[in-house]
Each structure stands twice: as structure tokens, then as C-alpha cells.
Amino acid sequence: MRLVFAAAASIIFGTGAYLLLSRDLVRVVLGLVLVSQASVLTLIATGLARGQAPIYPLEPGEPVSDPLSQAMALTAIVIGLAVTALLLALVLRVVDAYRARDLDEVAHDEAAYEEQREREAAEAHAEEEGAAR
């Protein structure tokens, strides 16, 4: 059973890594979500032991399931959801600002904006130098 979980986690992680290398912002976010879910699946697989609930009084001789891996997985799911919401809000803001979802287009627009700002700063500096003389 652990081999099935390991294979599933590796396939999900590989798919997420492939999507992270994409140039589309939404695919990058989906890749990050898949990588985080692969880590949750790995956490669940590490605590894959059947047993009674770890609530006292315990019956002697019975195996006890580990609640730590379950708690960590739940925490990772909640944090992953918050990070996903934040990233989707940032992607929405970038798409609104640049009217592009592709990272190359955003980088090109940002470089053009920086060139314009540098040119304006150089002109303002030249005007200040001329006024000082």
C-alpha cells in the first residue's frame, strides 16, 4: 500500500514540477498546488498505520495510530489553501496590470516600463544640472 502512495506522490510531484516550469502564471500556481498536495500525500503515507485511536484509556497490546502525521497533513492543507488564494489574487492583479498571463510578456512590459522610468529620471537630472549652472 505504501508503494501505491509513493508512486502517486511522485507522479503528482512530477506533474507539479512540470507545471512550475511553464511560462503561464495560472499553470505556475497549479504546479505549486500539486507540489504541496504531493507533500500532503507523503505526510499521510508516513503515518499509514492502522490502530486504535490514541485516546486514553488504551487497551494494552493494540497498535495505536499516529495522530501527528494527520495533524501535520491537515495543517499543510490549510496553509496550502491560504497560499493558493494569495497566489491567485496576485496573478489576478498582474493580469489586470499588464493585460498578460505569460511571464515573458510581463517581463517585457516591466523592462519597457523600467527603461521609461530611467529615461525620465535622466531627463529630470539633466534639467536639475542645467538649472544649477
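Look up: the structure comes first, before these words.
Residues numbered from 1 in each chain as written. Predicted model: local features only at pLDDT ≥ 70, side-chain atom pairs only at ≥ 80, totals over all residues. Heavy atoms only, no water.

Engineer: Quick question: what am I supposed to make of the environment of Leu 43 here?
Structural biologist: Topologically, Leu 43 is positioned in helix H2 (residues 25–46). C-alpha of Leu 43 to C-alpha of Ala 126: the two residues are 83 residues apart in sequence and 61 Å apart in space. When neighbours within four sequence positions are excluded, Leu 43 is seen to be in contact with Ser 69, Met 72, Ala 73 and Ala 76. (Helix = DSSP H or I, 4+ residues; strand = E, 2+ residues; numbered from the N terminus. Contact = heavy atoms within 4.5 Å.)

Engineer: Is there a simple way to explain helix H3 (residues 67–98) in this structure?
Structural biologist: Along an α-helix, residues three or four positions apart point the same way, because every turn accommodates 3.6 residues. Look at H3: 46 Å from first C-alpha to last across 32 residues, which is about the 46 Å you get at 1.5 Å a residue. Within H3, the full set of buried residues consists of Ser 69, Ala 73, Gly 80, Thr 84 and Val 91. Where H3 is buried, its residues touch H2. Trailing H3 by a residue or two, Arg 99 shows a phi angle of about 55°, which is positive. (Expected span 1.5 Å × (residues − 1). Buried < 20%, exposed > 50% of the residue type's maximum accessible area, 1.4 Å probe, protein only.)

Engineer: How do you make sense of a negative patch on the surface when you look at a structure like this?
Structural biologist: Negative charge collects at one region of the surface, where Glu 120, Glu 123, Glu 127, Glu 128 and Glu 129 lie side by side. Here Glu 120 lies in helix H4 (residues 103–132). Using a relative accessible area of 41% as the deciding quantity, one classes Glu 120 as partly exposed. (Patch = residues over 30% accessible without salt bridge, like charges linked within 9 Å, V, L, I, M, F, W, Y side chains within 5 Å. Areas by Shrake-Rupley, 256 points an atom, 1.4 Å probe, with all protein chains shown as cover. Salt bridge = Lys/Arg side-chain N within 4 Å of Asp/Glu carboxyl O. Lys, Arg positive; Asp, Glu negative; His and termini not counted. Charge placed at Lys NZ, Arg CZ, Asp CG, Glu CD.)

Engineer: Please clarify how the environment of Leu 3 should be interpreted in this entry.
Structural biologist: With respect to the element layout, Leu 3 can be found in helix H1 (residues 2–20). Residue class for Leu 3 comes out exposed when judged on its relative accessible area of 71%. C-alpha of Leu 3 to C-alpha of Glu 127: the two residues are 124 residues apart in sequence and 70 Å apart in space.

Engineer: Looking at this structure, I do not really get the packing of H1 against H2. What am I missing?
Structural biologist: What describes two packed helices is the angle between their axes and the distance between those same axes. Here H1 crosses H2 at 160°, and the two axes come no closer than 7 Å. By the angle between their directions, the pair H1 and H2 is classed as roughly antiparallel. You can see that H1 and H2 cross each other, and the crossing is left-handed. Of H2, the residues touching H1 (which contributes Arg 2, Phe 5, Ala 8, Ala 9, Ile 12, Phe 13, Thr 15, Gly 16, Ala 17, Leu 19 and Leu 20) are Arg 27, Val 28, Leu 30, Gly 31, Leu 32, Leu 34, Val 35, Ala 38, Leu 41, Thr 42 and Ala 45. Of the residues assigned to the contact of H1 with H2, the class counts are 16 nonpolar, 4 polar and 2 charged. (Axes fitted to C-alpha atoms, helices over the stretch in contact; angles between N-to-C directions. Parallel < 35°, antiparallel > 145°, perpendicular 65-115°, else oblique. Left-handed = near helix turned anticlockwise from the far one by under 90°. Nonpolar A, V, L, I, M, F, W, Y, C, P; charged D, E, K, R; others polar.)

Engineer: How do you make sense of the packing of H2 against H3 when you look at a structure like this?
Structural biologist: Here H2 crosses H3 at 180°, and the two axes come no closer than 9 Å. Of the possible angle classes, the one that applies to H2 and H3 is roughly antiparallel. Within the contact between the two elements, H2 uses Leu 25, Val 26, Val 29, Leu 32, Val 33, Val 40, Leu 43, Ile 44 and Thr 46 and H3 uses Ser 69, Met 72, Ala 73, Ala 76, Ile 77, Val 83, Thr 84, Leu 87, Leu 88, Val 91 and Val 94. Of the residues contributing to the contact of H2 with H3, the split by class is 17 nonpolar, 3 polar and no charged.

Engineer: Would you explain the pattern of salt bridges in this entry?
Structural biologist: When the charged atoms of two side chains with opposite charge come close together, those side chains can pair. With the rule as written, the count across this model stands at 2 salt bridges. The shortest N-O distance in the salt bridge between Asp 104 and Arg 23 comes to 2.7 Å. Taken as a pair, Asp 104 in helix H4 and Arg 23 in the loop between H1 and H2 lie far apart in primary sequence, 81 residues in all. Exposure remark for Asp 104: the relative accessible area of 42% places this residue in the partly exposed category. Salt-bridge contacts for Arg 101 lead to Asp 24; the nearest nitrogen and oxygen are separated by 3.0 Å. With Arg 101 in the loop between H3 and H4 and Asp 24 in the loop between H1 and H2, this pair connects stretches of sequence that are 77 residues apart.

Don't take any of this as a statement about function, it's just geometry.
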